[in-house]
Amino acid sequence: MNWMESARRIQEDLEGLSAFTATPGQGCTRLPFTPETRAAADFLLKKMEEAGLETWQDPAGNLFGLLPGRNREKPCILCGSHYDSVPGGGNYDGIAGVVCAIELARVLREEGITPDADYLAAAFMDEEGCRFGSGYFGSKAVLGRLEPGEAGRLTDEEGITLARAMERYGLKAGELPKAAWPKGRIGHFLEIHIEQGPVLDGQKKELGVVEGIVGLRRYRVAVNGRADHAGTTPMDMRSDAVEMAARVIAQVGDMAREAGGSTVATVGQVNTRAGAVNIVARSLEFSLDIRSLQNEVLEEIPARIRRRLQEETEKTGGSFTMEETLRIQPVELSRPMRKILEESCRERGHSWMALPSGAGHDALSMGQQVDTAMLFVPSRAGRSHCPEEYTPPEAFGRAVQVMKDLIVRL
Ligand code: GLV
Ligand code: MN
Ligand code: MN
């Protein structure tokens, strides 16, 4: 198959999918279990069917398209990414990897290649975690790693639980255990994704072979003080939730800088409840996202933050809660598969480099239990999680070729 033809079809699919956003003209907003996700899911299922795949949606809202292999008993090859997006994001993060996985199936069929094991294109639900503050929902469901009651505990900004959002979407949280695949059924997981950073574009490399992915911790923190009159309450008689939280939040970045290396820490959301210009804030909630390739750091920083919250709230008689919403260990991706990807790049004359990933991916989640490989394509100027996100179609065409080589050699 001519890889420019692959590039053309991928571009066409991505253009079609770009219509499924809650914020037209202001980037892609496709939060989990919304009408936009439904429309994208229907589009993807249709594309999978047109590619000759047997399709289904699982109880978590993940989508699959099966191309049977020669040996149906052999652990299968799963290839894909997520089809949700961040609010106001781009048209490539996640969904491009799903489209590439479907294109891979088309190419295999057109070239008359029957893979040794079953090949499945996969589209995962809710990788980003933007609506319910967690993430990797679909891939965790596949691995049987969702905690009992998780869907009933996590809520969105409007207080709607994940379980209720599923119900409105036509799915039942009680059936989530059925989304788990039998142990050993998935032999390999493969993912194509945009880099979302500036390295490949800056170094003028066509492809990136991912060596490892940072581990992640996410928390929802609530700091509780006491509402009082902003004019009459003396400064030494207040329990000001904003002041207590701000003292701690101001140190979060420095904690990551001190840890060094790949470590990053972000407070991406801050909300005061019932706050007003003339009321001392009673409570403040903030999100926390901490990432590192070093596992120790992922234990240390949250413990330091907890201690600081304890100190600050104690001073004024306030209190706090710090709920962990996500815990994923860093992974090293499969060395043998990385070697095959690198060989294919060399043979096909594509420039490439090896690099780690600071972004989280379904490959991070799947890689906790399954032999996993991941290929990056360049992001223009490194921009991502914004409407400016862009990767030229040829880049995806090349990535599909190289992944095909890997599938053939597995
Ligand atoms: C997903 O893009 C993440 O890294 O948060
Ligand atoms: Mn993302
Ligand atoms: Mn992504």
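Please read these numbers as outputs of a predicted model, since none were measured by experiment.

Novice: What is the right way to look at the coordination of the manganese ion (ligand 2) in this model?
Specialist: Six octahedrally arranged donors around a metal ideally form angles of 90 or 180 degrees; four tetrahedrally arranged donors ideally form angles of 109.5 degrees. Ligation of the manganese ion (ligand 2) by protein atoms is provided by D93 (OD), E128 (OE), E128 (OE) and H385 (NE2), these donors lying 2.0 to 2.6 Å from the ion. A spacing of 3.5 Å is found between the manganese ion (ligand 2) and the manganese ion (ligand 3), which share D93 as a donor. Taken as a pair, E128 in the loop between β4 (119-124) and α4 (137-143) and H385 in the loop between β16 (371-377) and α12 (393-409) lie far apart in primary sequence, 257 residues in all. Overall, E128 belongs to the buried group, its relative accessible area being 8%. The class for H385 is partly exposed, based on a relative accessible area of 40%.

Novice: Is there a simple way to explain the coordination of the manganese ion (ligand 3) in this structure?
Specialist: Around the manganese ion (ligand 3), the protein contributes the donor atoms H82 (NE2), D93 (OD) and H193 (NE2), at 2.0 to 2.2 Å from the metal centre. Spacing between the donor residues of the manganese ion (ligand 3) along their common chain follows H-x10-D-x99-H. For H193, a relative accessible area of 1% gives the class buried.

Novice: Please clarify how the site of ligand 1 should be interpreted in this entry.
Specialist: With respect to spatial proximity, the complete set of residues near ligand 1 consists of E127, E128, R218, R291, A359, G360 and H385. Between ligand 1 and the protein, one listed contact pairs an oxygen atom with a side-chain N or O atom of E128 at 3.1 Å. At 3.1 Å from an oxygen atom of ligand 1 is found a side-chain nitrogen or oxygen belonging to R218. Notes on ligand 1: free accessible area 190 Å², of which the protein chains cover 93%. Grouping the amino acids of the shell around ligand 1 by side-chain chemistry returns 1 nonpolar, 2 polar and 4 charged.

Novice: Sorry if this is basic, but what is going on with the side chain of E127 here?
Specialist: Locating E127 in the fold gives a position in the loop between β4 and α4. Put simply, E127 is tucked away with no salt bridge, and the nearest opposite charge, on R218, sits 6.8 Å away. In this structure E127 touches H82, D84, G135, Y136, G360, H361 and D362, once residues within four positions along its chain are discounted.

Novice: When you look at helix α10 (residues 335-348) in this model, what are you seeing that I'm missing?
Specialist: The periodicity of an α-helix, 3.6 residues per turn, causes residues three or four positions apart to be oriented the same way. Across its 14 residues, α10 extends 20 Å between first and last C-alpha, which sits within 8% of the 20 Å expected from 1.5 Å per residue. Taken together, the buried positions of α10 are occupied by M337, R338, I340, L341, E342, S344 and C345. Structurally, α10 contributes buried residues whose contacts are with β5 (186-194), β6 (207-213), β14 (331-332), β15 (352-357), β16 and α12. Between a side-chain oxygen at the N-terminus of α10 and the backbone nitrogen of M337 the separation is 3.1 Å; the capping residue is S334. Looking at the residues trailing α10, positive phi occurs at G349, about 75°.

Novice: Before we go on, may I ask you to explain helix α9 (residues 295-316) in this structure?
Specialist: Here α9 is 22 residues long and its end C-alpha atoms lie 34 Å apart, about the 32 Å a rise of 1.5 Å per residue gives. Contacts from the buried residues of α9 go to β7 (215-224), α8 (241-259), β12 (283-292) and β13 (319-328). One or two positions beyond α9, positive phi appears at G317, with a value near 80°.

Novice: Looking at this structure, how should I read the domain arrangement of the protein?
Specialist: One widely used convention gives an interface's size as the accessible area the parts lose upon coming together. In terms of domain boundaries, the protein breaks down into domain 1 (3-213 + 330-409) and domain 2 (215-328). Using C-alpha coordinates to define each centre, domain 1 is positioned 33 Å away from domain 2. Taken together, the 22 residues of domain 1 in the interface contact 16 residues of domain 2. Note on domain 1 versus domain 2: buried area summed over both sides is about 1300 Å², and carbon and sulfur give 48% of it. Among the residues domain 1 hides against domain 2, the three largest losses belong to S134, Y136 and P330. Together they make up 33% of the total. Between domain 1 and domain 2 we count 1 salt bridge in total. For R153, the salt bridge identified is with E323, shortest N-O distance 2.7 Å.

Novice: Help me understand the pairing of β4, please; the structure alone is not making it clear to me.
Specialist: In terms of burial, β4 is a largely internal element, 6 of the 6 residues being buried. As paired strands, strand β2 (residues 63-67) and β4 are joined by 5 bridges and run antiparallel to one another. Across the sheet, residue L67 finds its bridge partner in β4, namely Y119. Bridge count between strand β3 (residues 76-82) and β4: 6 bridges; the pairing is parallel. Each bridged residue has a counterpart across the sheet, and for H82 the counterpart in β4 is F124. Tracing the backbone out of β3, into helix α3 (residues 95-110) and back to the parallel element β4 gives a crossover that is right-handed.

Novice: Explain the environment of P378 here, please?
Specialist: Checked against the element boundaries, P378 lands in the loop between β16 and α12. Under the relative-accessibility criterion, P378 is labelled buried at 14%. In the structure, P378 is positioned 170 residues away from G208 in sequence and 7.8 Å away in space, judged by C-alpha atoms. In this structure P378 touches L200, D201, K205, E206, Y390, T391 and A395, once residues within four positions along its chain are discounted.

About the thresholds
Residues numbered from 1 in each chain as written. Chains lettered and ligands numbered in written order. Predicted model: local features only at pLDDT ≥ 70, side-chain atom pairs only at ≥ 80, totals over all residues. Heavy atoms only, no water. Donors = N, O, S within 2.8 Å, 3.2 Å for Na, K, Ca; no water. Helix = DSSP H or I, 4+ residues; strand = E, 2+ residues; numbered from the N terminus. Buried < 20%, exposed > 50% of the residue type's maximum accessible area, 1.4 Å probe, protein only. Near = heavy atom within 4 Å. Polar contact = N/O pair within 3.5 Å; in protein donor to acceptor, adjacent residues only side chain to side chain. Areas by Shrake-Rupley, 256 points an atom, 1.4 Å probe, with all protein chains shown as cover. Nonpolar A, V, L, I, M, F, W, Y, C, P; charged D, E, K, R; others polar. Lys, Arg positive; Asp, Glu negative; His and termini not counted. Salt bridge = Lys/Arg side-chain N within 4 Å of Asp/Glu carboxyl O. Contact = heavy atoms within 4.5 Å. Expected span 1.5 Å × (residues − 1). Domains from an automatic or database assignment. Buried area = accessible area lost by both parts, 1.4 Å probe. Pairing = 2+ DSSP bridges. Right-handed = clockwise from strand over helix to strand, strands pointing away.

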